[in-house]
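# A look at the structure
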Amino acid sequence: MSCSVCLFGDSVAKGVVFDSIRRKYHVWKDCFAASIQNQEHVAVSNYSKFGCTVRKGREILEKHGAELSAHNFTVFEFGGNDCDFDWHAVSQNPEGDFSPKTPLEEFTAIYRDMVRYTREMGGTPVMLTLPPIDAPRYFAWISQGENSRNILRWLGDVEHIYRWHEMYNLAVCRVAMEERVPLLDISSRFLAADSYQELLCEDGIHPNEKGHQVILESLREAARQAVRQAAYQPPRLALA
């Protein structure tokens, strides 16, 4: 193998998709992480976990800390679960004051710590932005069996879900910029599609098979760009 990567993230990085026929989630065998390994000959140790937040992600990262220096890159993909709420509780009490699974300030602080810990252990961190969500579909998904009017009353409008999710995506970008971590932008690739909703599962948040192909192409382009940059040697100035 020419390159070795360890991957930490949630169900997106794990390759979880929703099967609308069987009505269940499953790990797709040709998800972007598996495809990188099979098609690009990159060794991938995938430690991602369904439902994972940065709190749990930090625990998993520290468990594998001694391995980080043996990999060329340590790739992170977090935020989708961190920004989520207890929708059943919201449904029961639309006047209540609720916090996400990981408040934004804490999410930023933990993510930053994970990046620094990776470097301390001799690893090279890389971060992924988040695929966008389809707010109407996700609202319909979380409202199943709940009082949708109460949830909407608490939200104010359905698109609030998209905006809230995007705040966490921007936090990912800020951490990457401030810590000088390479950032692989998969968000833009989704949004550039004619209808990015077609790249998401029925639940409106998990990329489907087409979505994973888009992520794969984004990573391929990032790899090609890295090779071009490495190959380019700017001319040295002769000093008098």
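All of these numbers come straight from a predicted model, not from anything done at the bench.

### What about the side chain of Thr74?
Counting through the fold element by element, Thr74 comes out in strand S5 (residues 73-77). Look past the residues within four positions of Thr74 in its chain and what remains in contact with it is Cys6, Phe8, Leu61, Leu68, Thr118, Thr124, Pro125 and Val126.

### Details of the side chain of Ser91
Relative to the elements of secondary structure, Ser91 occurs in helix H4 (residues 87-92). You can call Ser91 buried: its relative accessible area is 4%. Ser91 has contacts with Glu146, Asn147, Asn150 and Ile151, leaving out every residue within four places of it along the chain.

### Quick word on the layout of surface pockets
One number sums up the size of the second largest pocket: a volume of about 320 Å³. Around the second largest pocket, the lining comprises 21 residues; the ones closest to its centre are Ser11, Asn81, Tyr138, Ile205 and His206. The dominant element in the lining of the second largest pocket, judged by the number of residues it contributes, is helix H6 (residues 135-142), at three residues.

Reading guide: rules and limits
Residues numbered from 1 in each chain as written. Predicted model: local features only at pLDDT ≥ 70, side-chain atom pairs only at ≥ 80, totals over all residues. Heavy atoms only, no water. Helix = DSSP H or I, 4+ residues; strand = E, 2+ residues; numbered from the N terminus. Contact = heavy atoms within 4.5 Å. Buried < 20%, exposed > 50% of the residue type's maximum accessible area, 1.4 Å probe, protein only. 1 Å grid on protein atoms, 1.4 Å probe; cavity = no way out; pocket = protein on both sides within 12 Å on 5 of 7 lines; lining within 4 Å. Points joined across faces, edges and corners; volume = space filled by probe spheres on them.

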